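Given next are the chains, with one letter for each unit.
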Amino acid sequence: MVELWGSRGPEYAGGRRQCHAQQSTRLPRARENPMPDLTESIAVQSSADTLYRLVTDLPRMGEWSPECTRVVWRGAGPSVGARFVGYNRAGFVRWFTFGKVVTADSARRFTFDISFGPIPISRWDYVFSGTADGCTVTESWTDQRPAVLKTLFRPVFGDRTPRNAEGIHTTLRRLKSAAEVG
């Protein structure tokens, strides 16, 4: 199930804020927002360690993702601070982005930020939770683009939220298939 939380996150559900932090009148910029815009989980009959190894093998991401065609590490990976270039395709549009690993906690969490030059684009986060018969993998996407960029790129890239919701769903299904067969 994909949850579309929007920019304010699930803590605002029901109209009440469930956080005891001091409230500010300034809304956070997209990259300050700790809550993902999209998240989906899937149960897999494989270990968290196996799923972690599949996800962190970023050069294989083109096997899972319907949009990413390939990834090339720029140095050693997948450790915190490691950088990579991602090549993407949506229809006739092709582009590349730069990534940086921000969390690499073996068999628990793998997170990377995507940018285009100095412009933040998104954060992708994978969380692995062991279960009695395998593991649950949760993939999340947080849009970090400045508002003006969202507006400018919409005619070319479309609305990222439904496109990424479908992409996350496809990626998780493909990961599940690869992990359970392999």
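You'll find the structure just up there.
Every residue gets a number counted from 1 within its own chain, in the order that chain's sequence is written. Thresholds applied to this predicted model are a pLDDT of at least 70 for local features of residues and 80 or more for the giving and counting of side-chain atom pairs; totals over whole chains, interfaces and linings are not thresholded and use all residues. Side-chain metrics rest on all non-hydrogen atoms present in the structure, leaving aside hydrogens and water.

Peer 1: Help me understand the nonpolar core, please; the structure alone is not making it clear to me.
Peer 2: Taken as a class, soluble globular proteins show a tendency for nonpolar side chains to be buried jointly. Grouped together as the largest cluster of nonpolar side chains are 34 residues, with contacts concentrated most on Leu58, Phe84, Phe110, Phe112, Phe128 and Val137. Here a strand is any run of E in DSSP of at least two residues, a helix any run of H or I of at least four, and the numbering for each starts at the N terminus. Of all the secondary-structure elements, those providing two or more residues to this core are β2 (38-44), α1 (48-56), α2 (61-64), β3 (68-73), β6 (109-116), β7 (119-131), β8 (134-143) and α4 (160-181). Leave out the neighbours within four places in its chain, and Leu58 touches Val71, Trp73, Phe84, Phe110 and Phe112. Residues belong to a common nonpolar core when they are buried Ala, Val, Leu, Ile, Met, Phe, Trp, Tyr or Cys residues joined through side-chain atoms within 4.5 Å. Buried means the residue's accessible area, taken with a 1.4 Å probe over protein chains only, is under 20% of the maximum for its type, while exposed means over 50%, and partly exposed covers the values in between. Contact criterion: two residues are considered in contact whenever any of their non-hydrogen atoms come within 4.5 Å of each other.

Peer 1: How should I be thinking about the environment of Trp124 in this particular structure?
Peer 2: With respect to the helices and strands, Trp124 occurs in strand β7. Sequence-wise, Trp124 and Thr111 are 13 residues apart; in three dimensions their C-alpha atoms are separated by 5.6 Å. If we skip the residues at most four places from it in the chain, Trp124 touches Phe110, Thr111, Phe112, Ile114, Glu139, Ser140, Trp141, Asn164 and Ile168. N or O atoms within 3.5 Å of each other form a polar contact, as long as, within protein, one can give a hydrogen and the other can take it, and as long as residues adjacent in sequence are counted only when both atoms are side-chain atoms. Reaching out from Trp124, the side chain makes a polar contact with the side chain of Ser122 at a distance of 3.1 Å.

Peer 1: I would appreciate a short explanation of the pattern of salt bridges in the present structure.
Peer 2: Two side chains bearing opposite charge may form a pair once their charged atoms approach each other closely. The salt bridge criterion pairs a side-chain nitrogen of Lys or Arg with a carboxyl oxygen of Asp or Glu, the two atoms within 4 Å. According to the stated counting rule, one finds nine salt bridges in the structure shown. The closest approach of N and O atoms between Arg154 and Asp159, which form a salt bridge, is 3.9 Å. The network of salt bridges with shared partners includes Asp143, Arg145 and Lys150.

Peer 1: Before we go on, may I ask you to explain the packing of aromatic side chains in this structure?
Peer 2: To describe a pair of aromatic rings, one takes the distance between the centres and the angle between the planes. Aromatic rings from Phe, Tyr and Trp, with only the six-membered ring used for Trp, were paired whenever their centres fell within 6.5 Å, and each pair was classed as stacked if the ring planes differed by under 30 degrees, edge-to-face if by over 60, and tilted otherwise. Applying the stated criterion across every chain yields a total of nine aromatic pairs. Where Phe96 meets Phe116, the ring centres are 5.6 Å apart and the plane angle is 50 degrees; that geometry is what we call tilted. With Phe96 in strand β5 (residues 93-105) and Phe116 in strand β6, this residue pair connects regions lying 20 residues apart in the sequence. Residue class for Phe116 comes out partly exposed when judged on its relative accessible area of 41%. With 6.4 Å between their ring centres and 40 degrees between their planes, Trp124 and Trp141 make a pair best called tilted. Of the two residues, Trp124 sits in strand β7 while Trp141 sits in strand β8, which places them 17 residues apart along the sequence. You'll find Trp124 and Trp141 in the same group, each marked buried.

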